[in-house]
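Below are the chains, spelled out letter by letter.
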There are 2 protein chains.
Amino acid sequence: MAIRYELIHEDKHSGARLGILHTPHGSFETPIFMPVGTQATVKTLSSQEVMEASDGLILGNTYHLWCQPGDEIVKAHGGIRGFMNWDGALLTDSGGYQVFSLADMRNITEEGVTFKHHTNGSKLYLTPEKAIEIQNNLGADIIMSFDECPPFHADYDYMKASVERTIRWAKRGKDVHQFPESQALFGIVQGGPFKDLRKMCIEELKKIDFPGYSIGGLSVGESKEDMYEMLQFLKDEMPKDKPRYLMGVGSPDDLIMGVLNGIDMFDCVLPSRIARHGSAMTSQGKIVIKNKIYETDMESLDPECDCFVCKNHTRSYLRHLFKGKEILGQRLVTYHNLYFLKNLMKQVRNAIRNDCLLEFKEEFFLKYYGQK
Amino acid sequence: MAIRYELIHEDKHSGARLGILHTPHGSFETPIFMPVGTQATVKTLSSQEVMEASDGLILGNTYHLWCQPGDEIVKAHGGIRGFMNWDGALLTDSGGYQVFSLADMRNITEEGVTFKHHTNGSKLYLTPEKAIEIQNNLGADIIMSFDECPPFHADYDYMKASVERTIRWAKRGKDVHQFPESQALFGIVQGGPFKDLRKMCIEELKKIDFPGYSIGGLSVGESKEDMYEMLQFLKDEMPKDKPRYLMGVGSPDDLIMGVLNGIDMFDCVLPSRIARHGSAMTSQGKIVIKNKIYETDMESLDPECDCFVCKNHTRSYLRHLFKGKEILGQRLVTYHNLYFLKNLMKQVRNAIRNDCLLEFKEEFFLKYYGQK
């Protein structure tokens, strides 16, 4: 088996899970947040910086790397790790989400999906088998089944047919997966807001038997209440002995609510994307560093943070870099935001260890959002 | 005195100078190339990276920092060093070049220059005294007199009047300079293509007495032959006991030709600017990394280079980053290009030490440009 999940402790009051995820390229305490390196680079950062500002497990995007430079070129480097010179562990998504979020003109059949490239308009074709073949070439430690990610509010009949097809696709993917001993293939739970479909999906995926399970089709535009309600439902339905990965979630509130509902793994572009627009996550909440009030602010970005950026630069300097449209500004805030989430997840894990995640949540929400 | 220049050795065959420039923030072997950190950042790089990829002496632009964030804010950080967290030495230009290259609608009087901001169009006013006051606030180890930098092919009468004014401006600047013990103020030699004006300028500046002399008004669009001819003339006219700084020069051929004509210091945006457009300086000449031929090239950017980028990444990966419009590509090539020039200047200094700079020049030109 490529990976092994070890459940260390459940928070007595919330049931949040503290665990260890053993992979071919390192063991990682969970819950864990994984920064996104879409094109084999976490935007603006070097691999060394990503190592410092993460726990050592990051995500690459199958769709993007398939389109550019092509998975064969990545394979020639020994996979994404060699391609980007990354000395940690990796996870790739299946490309399914990009097909449904970026591409126009998609045509879904039982066999696969035809769609247009998100920028150059060229015609592309992905099948469950092709998605696994690409991921075998990209060589990540954890890979994903090809799934359909329908809109959250698609009607029941559409969703039911889609989930059933996603299950068949998961089976087809597993059947062609070449390296189960070095790459752990996860099944993806879909079903939108329909609990019976979610439950059916889990049951069927369990029969196929995967070393881990992802939750897809959440954080796709539905309300936070809808998402949290579904997470609460899924908490008792998901297999306890396998890692649970909530895809595309990365805001502090959603991370904590996810953990409270038994999630072990998260990824999101949010911390790096908002950083490039000058928003920094700090212990006192989000700040927009470009604002005039920071022009003469000699304080560090986050006085409670001990990251490289907070140790070496003032808000005034960071504000100047954004005013001057300097790339270094984007770099430094990206680094800090990732470090902030790394540190948040460490605090979350300690809170689980001490059975006080509910208290931690209240304190954090009050400090970060000004409300409980 | 803020700085001291120590002449160590003159190449027996060319007269090129090997020296040591002692500054309040480090001693540097010369000839030296100084990367440009226009807005208190060498574009795309952290201060730590600049330290690795340079000899520890860089340039900041007075005009840009005066406009944004303002020299008072930089002063509040203890100068540019504190503002950008730079642990090396610094030089600032006078703003004169930007007034004449970037600004529209300038009006020059004996008192100073009125002109418009290069992007927002606001009205600005600089005088020799103001340029020094700003540079006193920016706190660099070496600062420049405010000069007029006229077009190389301005007519003789205009150039004569301009040079005479530049000399008067140099005197006025020296008179108001607050920190001669910690900031060395250089005079700037102007005069375009007219040798008598250049000579007159040097003589007059020597009378005012500066700890170093810059050569301005070259590399401003004239032919290389014109530039080299003037450098050869200036070689015997410039004071031997003071550092000689050729402003705005940074291509490998111009650096070597400058050194052969007795220049000790250079700065230029060239290596970092072409890097951001994907051009890399290598031991075999310049390569455009975005080109299709590098798509599957598993070689390092420059097989003879031992920099961080060349040790860790393939041309294929760098090409991918540029194709994918990833900032990391600009970062990595910028780092490499600066490192390349750092290494080139080291080789140049060793050649002077061994009295073989002329041979080195022939070999280098053949390898880099394919001709002698």
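One can find the structure itself at the top, above this paragraph.
In this report, the structure presented in the accompanying data block is examined. This is a predicted model, so every value here is computed, not measured. (Residues numbered from 1 in each chain as written. Chains lettered and ligands numbered in written order. Predicted model: local features only at pLDDT ≥ 70, side-chain atom pairs only at ≥ 80, totals over all residues. Heavy atoms only, no water.)

1. Here's the deal with the packing of helix α10 (residues 252-260) of chain A against helix α14 (residues 327-353) of chain A
Residues and elements named next belong to chain A.
Then step 1. Following both chains from N to C, one finds α10 and α14 inclined at 30 degrees, their axes separated by 11 Å at the closest point. Classified by the interaxial angle, the pair formed by α10 and α14 is roughly parallel. As α10 packs across α14, the resulting crossing turns out to be right-handed. Across the interface between the two elements, P252, L255, I256 and V259 from α10 touch F340, L341, L344, M345, V348 and I352 from α14.
Then step 2. Taken together, the residues of the contact of α10 with α14 sort by class into 10 nonpolar, no polar and no charged. (Axes fitted to C-alpha atoms, helices over the stretch in contact; angles between N-to-C directions. Helix = DSSP H or I, 4+ residues; strand = E, 2+ residues; numbered from the N terminus. Parallel < 35°, antiparallel > 145°, perpendicular 65-115°, else oblique. Left-handed = near helix turned anticlockwise from the far one by under 90°. Contact = heavy atoms within 4.5 Å. Nonpolar A, V, L, I, M, F, W, Y, C, P; charged D, E, K, R; others polar.)

2. Remarks on the interface of chain A and chain B
By a frequent convention, interface size equals the accessible area lost on bringing the separate parts together.
Then step 1. Every contact between the two is made by 36 residues of chain A and, on the other side, 36 residues of chain B.
Then step 2. Joining chain A to chain B, the criterion identifies 4 salt bridges.
Then step 3. B:E326 is the salt-bridge partner of A:K43, the closest N and O atoms lying 2.6 Å from each other.
Then step 4. Between the two partners, chain A and chain B, sit 20 residue pairs in polar contact (both at pLDDT 80 or more).
Then step 5. Of all the secondary structure elements, the ones that give two or more residues to the side of chain A that touches chain B are α1 (47-53), α3 (71-76), α4 (80-84), α12 (308-312), α13 (315-323) and α14 of chain A.
Then step 6. Broken down by element, the side of chain A that touches chain B gets its largest block of residues, 5 residues, from α13(A).
Then step 7. Looking at the side of chain A that touches chain B residue by residue, the class counts come to 14 nonpolar, 16 polar and 6 charged. (Salt bridge = Lys/Arg side-chain N within 4 Å of Asp/Glu carboxyl O. Polar contact = N/O pair within 3.5 Å; in protein donor to acceptor, adjacent residues only side chain to side chain.)

3. Considerations on helix α10 (residues 252-260) of chain B
All names here are of chain B.
Then step 1. Among the 9 residues of α10, 9 are classified as buried, and the element is accordingly described as predominantly covered.
Then step 2. Taken as a whole, α10 has its buried residues at P252, D253, D254, L255, I256, M257, G258, V259 and L260.
Then step 3. Phi turns positive one or two residues past the end of α10, at G262, with a value near 85 degrees. (Buried < 20%, exposed > 50% of the residue type's maximum accessible area, 1.4 Å probe, protein only.)

4. Looking at the relation of the copies chain A and chain B
Then step 1. Note on the copies: chain A fits chain B at an RMSD of 0.0 Å, the axial shift is 0.0 Å, and the rotation between them is 180 degrees. What we have between these two chains is a two-fold relation. By C-alpha distance to the rotation axis, the residue of chain A lying nearest is A:I327, at 3.9 Å. (Least-squares fit on C-alpha atoms with pLDDT ≥ 70 in both.)

5. Regarding the sheet that holds strand β7 (residues 107-108) of chain B
Residue and element names in this part refer to chain B.
Then step 1. A sheet is described by the order of its strands in space; here 3 strands give the open sequence β7-β8-β9, paired in antiparallel fashion. Looking at strand neighbours, the two that pair on one side only are β7 and β9 (123-126), the edges of this open sheet.
Then step 2. Where β7 meets strand β8 (residues 113-116), 2 bridges bridge the pair, whose relative direction is antiparallel. Note that in β8 the partner of N107 across the bridge is T114. (Pairing = 2+ DSSP bridges.)

6. Topic: the layout of surface pockets
Then step 1. Of the voids in this model, the largest pocket is the one considered here, and its volume is about 1100 Å³.
Then step 2. Sorting the residues of the lining of the largest pocket by element identifies α2 (62-67), α5 (96-101) and α11 (270-276) of chain B as the ones contributing at least two each.
Then step 3. Its residues placed into classes, the lining of the largest pocket shows 15 nonpolar, 24 polar and 8 charged.
Then step 4. Taken as a whole, the second largest pocket spans an internal volume of roughly 750 Å³.
Then step 5. Mapped by element, the contributors of at least two residues to the lining of the second largest pocket are α5 (96-101), β14 (265-268) and α11 (270-276) of chain A.
Then step 6. The element that contributes the greatest number of residues to the lining of the second largest pocket is α5(A), accounting for 4 residues.
Then step 7. Here the residues of the lining of the second largest pocket are counted per class, giving 12 nonpolar, 16 polar and 6 charged. (1 Å grid on protein atoms, 1.4 Å probe; cavity = no way out; pocket = protein on both sides within 12 Å on 5 of 7 lines; lining within 4 Å. Points joined across faces, edges and corners; volume = space filled by probe spheres on them.)

7. Quick word on the packing of aromatic side chains
Then step 1. The tally for this structure, following the rule as stated, stands at 28 aromatic pairs over all chains.
Then step 2. Ring plane angle 15 degrees and centroid distance 5.2 Å describe the contact between A:F364 and A:Y368, whose orientation is recorded as stacked. Of this pair, A:F364 and A:Y368 are both found in helix α15 (residues 357-369), 4 residues apart, which corresponds to roughly one turn of the helix. As far as burial versus exposure is concerned, A:F364 and A:Y368 are alike and both buried.
Then step 3. Ring geometry for B:F210 against B:Y213: centres 6.2 Å apart, planes inclined by 85 degrees, an arrangement best described as edge-to-face. Residues B:F210 and B:Y213 agree in their burial class; the two are buried.
Then step 4. Here the aromatic residues A:F340, A:F360, A:F364, A:F365, A:Y368 and A:Y369 are joined through ring pairs into a cluster of three or more.
Then step 5. Its end group placed over the ring of A:F365, A:K361 keeps NZ or CZ at 5.3 Å from the ring centre. (Phe/Tyr/Trp six-rings, centres within 6.5 Å; stacked < 30°, edge-to-face > 60°. Lys NZ or Arg CZ within 6 Å of the ring centre and 35° of its normal.)

8. Some words on α14(A)
Then step 1. In a regular helix each residue adds 1.5 Å, so 27 residues correspond to 39 Å; α14(A) covers 39 Å between its end C-alpha atoms and thus fits that length.
Then step 2. Buried residues dominate α14(A), accounting for 21 of its 27 residues. (Expected span 1.5 Å × (residues − 1).)

9. Some details on the nonpolar core
Then step 1. One finds A:F266, A:L357, B:F266 and B:L357 to be the most contacted residues of the largest nonpolar core, which totals 202 residues.
Then step 2. If we skip the residues at most four places from it in the chain, B:L357 touches B:D11, B:S14, B:A16, B:V259, B:L260, B:V348, B:A351 and B:I352. (Core = buried A, V, L, I, M, F, W, Y, C linked by side-chain atoms within 4.5 Å.)

10. Thoughts on the environment of A:V113
All names here are of chain A.
Then step 1. Following the sequence through the fold, V113 ends up in strand β8 (residues 113-116).
Then step 2. Residue V113 is classed as buried on the basis of its relative accessible area of 0%.
Then step 3. Each residue touching V113, except ones within four places of it in the same chain, is listed here: V99, F100, R106, N107, I108, L124, Y125, L126, F146 and W169.

11. With respect to the state of the cysteines
Residue and element names in this part refer to chain B.
Then step 1. Within this structure, the stated rule accounts for 0 disulfides over all chains.
Then step 2. Unpaired in this structure, C305 has its nearest cysteine sulfur neighbour in C307, at a distance of 3.7 Å.
Then step 3. In this structure C305 comes out as buried when scored by relative accessible area, which is 14%. (Disulfide = S-S within 2.5 Å.)

12. Digging into the pattern of salt bridges
Pairs can form between side chains of opposite charge whenever their charged atoms are close.
Then step 1. Taken as a whole and judged by the stated rule, the model has 53 salt bridges over all chains.
Then step 2. In this structure, B:K224 engages B:D253 in a salt bridge whose closest nitrogen and oxygen atoms are separated by 3.2 Å. Taken as a pair, B:K224 in helix α9 (residues 224-237) and B:D253 in helix α10 lie far apart in primary sequence, 29 residues in all.
Then step 3. A relative accessible area of 34% places B:K224 in the partly exposed class.
Then step 4. Via salt bridges that share partners, A:E29, A:D55, A:R349 and A:R353 belong to a single interconnected network.

13. Some thoughts on unusual backbone geometry
Then step 1. The omega torsion of the bond from A:T30 to A:P31 falls at 5 degrees, within 30 degrees of zero and hence cis.
Then step 2. Positionally, A:P31 belongs in the loop between β3 (26-30) and β4 (32-35).
Then step 3. The step from B:Q68 to B:P69 runs through a cis peptide bond, and the omega angle for that step is 5 degrees.
Then step 4. Even without being a glycine, A:D209 presents a positive backbone phi close to 80 degrees.
Then step 5. If you trace the backbone, A:D209 turns up in the loop between α8 (195-208) and β12 (213-215).

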